[in-house]
Amino acid sequence: MYDTAFLDLPALRAAGGTVRLPGSKSISNRVLLLAALAEGTTEVHDLLDSDDTRVMLAALGKLGCRVEQMPGLTRITGLGGQLKDGARQAELFLGNAGTAMRPLTAALSLLGGEFKLSGVPRMHERPIGDLVDALVGLGCEIDYLGNPGYPPLQIHPAAHQGLRLDAPIRVRGDVSSQFLTALLLALPLASARQDVTIDVIGELISKPYIEITLNLLARFGIQVRREEWRRFVIPAGSRYRTPGSIHIESDASSASYFIALGAIAAPIDGQAGIRIEGVGADSIQGDIRFVEAAQAMGARVDSGPNWLQISRGAWPLRAIDLDANHIPDAAMTLAVMALYADGPSQLTNIASWRVKETDRIDAMANELRKLGAQVETGPDFIRIQPLAAGRWKAASIHTYDDHRVAMCFSLAAFNPDRLPVRILDPKCVAKTFPDYFETLFAVSEPVAVPVICVDGPTASGKGTLALEVANALGYGYLDSGALYRVTGLAMTRAGLAATPENEARIAQIARELPLDFSTGRVMLGEEDVTEAIRSEAAGMDASRVSALPAVRQALVELQKRLRRLPGLVADGRDMGTVIFPDAQLKVFLTASAAHRAERRYKQLISKGISVTLDSLRQDLEARDARDMSRSTAPLKPAQDARLLDNSDQTVSQSVDQVLDWWQQAQPFGAASRKGAT
């Protein structure tokens, strides 16, 4: 996950490959609550790991459930419908997870304890009054701790014998289907003596999500009778029973971004579009019907029980006019696909967008307009004009702490004008799909990967500067100075000597080194070799392998392959002159030999190494002279490099300077390091 102020997506031109999606949020949190209410232990396979599921798991732990987590498996020992002593009072923080707040409100109202439920400020703006009204009408005791109709809530114990079950429980269906889901999940707690009936007032929106709820209730032993979409009856004597084991489907809403990707992007050579594994034609999720909308816009889709294959068909895409009530979350993706259509597209019956993580109608309209689109909106619709080539704008997309806004607008990076897109607060995708951007990059082909080069003499601080800049931008980091040392180490471990007869084998080893520098440590696969390559023996091996031409060429190839999305910051002596001469920004970092000697002196003394300042300065001056007079790739600034003397600067000041230069090279306007545009 990218935990940066913003993430710049370079222009992307093609896509292809296979993606495996995380588990469904809607299924995951329903299953967790049902497992908690059921008798026995439930093994949940492939549970979504996200902000929403984490807050649910934390809440269940406070309620007395035993929660055991292992890779790919979560084991929940349920309450059997009864709170345990010591867990009858708790304060539960539920973030911005509607799939936790609404069902827990209903369940805790019937479990007989004293509970405070709260969340982030946006959760306190999301309505819950209709659900609370239904529960209070049943006889539950709930107080608002802030604005009436909204969380936070205080839930008081309610005696089951005092519940009013003779008349149907009435709940509005036109605000959020989560209200009905919450009642359906919780009311079996009250059905021991008689049938419990729920009547839906008004049109029920998002019916496919109710289908998920009914399907999962059946898996846990609750057979709800449904009379069309107006009445639901929970039979007397209903009791939650664990199914023993249950697997979570991949998230169909998350699949929408990759279905759209296959429809929008030109195919990568040798690839047949995008294959999605983990969700397919047999999905119980309503958002799988996004496939129909994508096909209507021209996507080619093939599917099996647990997979989808998508490729570009009609191009430009065909405009669409769709009642999107059945796919409210996935329909947001259609709004960005509409930019690539042959005419205006309209999505209607989406009033529920306004009470989600943000007002999604306004949010989508605002950000689409930043890209250059003409957009009309109303209480329950959005209408988008497509963008022709030459009309797109580079934009910083405000994400409103809404994961779906961030993921939708990543698709704008495939625009025909080859403009980058900036996603502000990219970590908001953690709500449902923490590795979304990494997954997108793995199947996308860029027009070009941006590179920042930081060259300079020994002990100038280029490694520290480059790593800090890479971390600020979410880019990869290349410590070129470690390459020959790691190669020498790998050569020795392979039992080879740096001789001409071994040159080809050593070059092959160098070419395939599994290196990662992103943490500031030198990782060779899973092994940290940072200290191992600093020994005197490693230095001598590095000198020997550097004399082999085939090894030098192999390492040039390796460095160029490390140029990956979303970008790279490389430090060394010839990054901007030899390895990445087309880099967008080249920095030549230097400081006087006296300043560099003083820094190195402090480092060595702190490690207990005895040394003198004069000897260090003389050594650095001698190394500078050798490096600048080398016949191959001598140390010198690239012609277009920016010179940065950090003799009197802190690391933070140097980082700010480089980031300012980088911002000046971007098309987003006066964007700051904080991502404010």
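Just so it is clear, the structure is predicted and the values come from calculations on it, not from any experiment.

Draft legend 1. Focus on the overall build of the protein chain. Looking only at helices and strands, the protein chain features 21 helices and 34 strands. For the protein chain, the spread of C-alpha atoms along the principal axes amounts to about 95 × 60 × 50 Å. Per-residue burial for the protein chain yields a buried fraction of 57% across its 677 residues. Taking as baseline every contact in the protein chain between residues at least 6 positions apart, the subset at least 24 positions apart corresponds to 76%. Here the protein chain has roughly 26,600 Å² of accessible surface; of this, 48% comes from carbon and sulfur atoms. Of the side chains in the protein chain, 72 bear a positive and 78 a negative charge, and the two mean positions are spaced by 1 Å.

Draft legend 2. Summary view of the side chain of Gln178. Counting through the fold element by element, Gln178 comes out in helix 5 (residues 177–186). Look at Gln178 and you get buried, because its relative accessible area is 15%.

Draft legend 3. Here's a closer look at the sheet that holds strand 7 (residues 89–93). Pairing in this open sheet of four strands is mixed, and the strands run 7-8-10-9 from one edge to the other. With one partner strand each, in any of the chains shown, strand 7 and strand 9 (141–144) form the two edges of the open sheet. Strand-to-strand, the axes of this sheet are offset by a mean angle of 15°, without reference to chain direction. In this sheet, strand 10 (residues 153–156) lies alongside strand 8 (residues 114–118) in antiparallel orientation, the contact comprising three bridges. Paired with Phe115 across the two strands is Ile155, which belongs to strand 10. The strands touched by helix 3 (residues 98–111) within the sheet are strand 7, strand 8, strand 9 and strand 10, with strand 8 carrying the most contacts at an inclination of about 170°.

Draft legend 4. Representation of the state of the cysteines. Tallying each qualifying case throughout the model produces zero disulfides. Unpaired in terms of disulfides, Cys408 finds its nearest cysteine sulfur in Cys428, a separation of 11 Å. Cys408 sits in the buried class, given a relative accessible area of 0%. The class of Cys428 is buried, set by a relative accessible area of 5%.

Draft legend 5. Region of the structure containing the confidence of the model for the protein chain. Summing up the model confidence of the protein chain, the mean pLDDT is 93 and the portion of residues at 70 or higher is 99%. Note on residues 671–677: pLDDT is under 50 here. Beyond four places in sequence and across chains, it has 23 contacts.

Draft legend 6. Up close: the pattern of salt bridges. With the rule as written, the count across this model stands at 39 salt bridges. Between Arg544 and Asp541 there is a salt bridge; the shortest N-O distance is 2.9 Å. Pair noted here: Arg544 and Asp541 are both in helix 16 (residues 536–546), with a separation of three residues, about one helical turn. For Asp541, a relative accessible area of 15% corresponds to the buried category.

Draft legend 7. Fine view of the packing of aromatic side chains. Applying the stated criterion across every chain, the model contains eleven aromatic pairs. On the numbers, 5.7 Å between centres and 55° between planes, the contact of Phe258 with Tyr436 is tilted. Highlighted residues: Phe258 in helix 7 (residues 252–264) and Tyr436 in helix 12 (residues 436–442), separated in sequence by 178 residues. By relative accessible area, Phe258 is classed as buried at 0%.

Draft legend 8. Representation of the pairing of strand 32 (residues 568–572) within the structure. For strand 32, the buried fraction is high: five of the five residues fall into the buried class. Because side chains alternate across strand 32, one face comprises the buried residues Leu568, Ala570 and Gly572, and the other comprises Val569 and Asp571, equally buried. Across five bridges, the pairing between strand 27 (residues 451–455) and strand 32 is parallel. Bridge pairing in strand 32 places Cys453 opposite Ala570. As paired elements, strand 28 (residues 476–479) and strand 32 share four bridges and run parallel to each other. Across the sheet, the residue bridging to Tyr477 is Val569, located in strand 32.

Draft legend 9. Summary view of unusual backbone geometry. For the bond from Pro151 to Pro152, the omega torsion is 5°, close enough to zero to count as cis. Position of Pro152 relative to the elements: it lies in the loop between strand 9 and strand 10. At the junction of Leu565 and Pro566, the peptide bond is cis and its omega measures out at 5° in the coordinates. Relative to the assigned elements, Pro566 resides in the loop between helix 17 (549–561) and strand 32. The backbone of Asp46 shows a phi angle near 60°, a positive value even though the residue is not glycine. Mapped onto the elements, Asp46 comes out in the loop between strand 4 (41–45) and helix 2 (51–62).

Draft legend 10. Region of the structure containing the environment of Ala296. Relative to the assigned elements, Ala296 resides in helix 8 (residues 290–296). Each C-alpha atom, one on Ala296 and one on Leu322, is 9.9 Å from the other, the two residues being 26 residues apart in sequence. Once residues lying within four places of it in the same chain are set aside, the contact partners of Ala296 are Arg318 and Ile320.

Draft legend 11. Focus on the packing of helix 19 (residues 593–606) against helix 20 (residues 613–628). Close contact between helix 19 and helix 20 brings their axes to 8 Å; oriented N to C, the two are set at 125°. Taken together, helix 19 and helix 20 sit at an angle that is classed as oblique. Helix 19 and helix 20 meet at a crossing whose hand is right-handed. Between helix 19 and helix 20, the residues in contact are Ala593, Ala594, Arg596, Ala597, Glu598, Arg600, Tyr601 and Leu604 and Leu613, Leu616, Arg617, Leu620, Glu621 and Asp624, respectively.

Draft legend 12. Looking closely at the sheet that holds strand 28. Strand order in this open sheet of five strands is 28-32-27-33-34, and the pairing throughout is parallel. Only two strands of the sheet have a single neighbouring strand rather than two, namely strand 28 and strand 34 (642–645). Neighbour to neighbour, the strand axes of the sheet diverge by 20° on average, direction disregarded. Each of strand 27, strand 33 (585–590) and strand 34 is contacted by helix 21 (residues 651–664), which is oriented at about 165° to strand 34, the strand it contacts most.

Cut-offs used in this document
- Residues numbered from 1 in each chain as written.
- Predicted model: local features only at pLDDT ≥ 70, side-chain atom pairs only at ≥ 80, totals over all residues.
- Heavy atoms only, no water.
- Helix = DSSP H or I, 4+ residues; strand = E, 2+ residues; numbered from the N terminus.
- Buried < 20%, exposed > 50% of the residue type's maximum accessible area, 1.4 Å probe, protein only.
- Contact = heavy atoms within 4.5 Å.
- Areas by Shrake-Rupley, 256 points an atom, 1.4 Å probe, with all protein chains shown as cover.
- Lys, Arg positive; Asp, Glu negative; His and termini not counted.
- Charge placed at Lys NZ, Arg CZ, Asp CG, Glu CD.
- Pairing = 2+ DSSP bridges.
- Axes fitted to C-alpha atoms, helices over the stretch in contact; angles between N-to-C directions.
- Disulfide = S-S within 2.5 Å.
- pLDDT = per-residue confidence, 0-100.
- Salt bridge = Lys/Arg side-chain N within 4 Å of Asp/Glu carboxyl O.
- Phe/Tyr/Trp six-rings, centres within 6.5 Å; stacked < 30°, edge-to-face > 60°.
- Parallel < 35°, antiparallel > 145°, perpendicular 65-115°, else oblique.
- Left-handed = near helix turned anticlockwise from the far one by under 90°.

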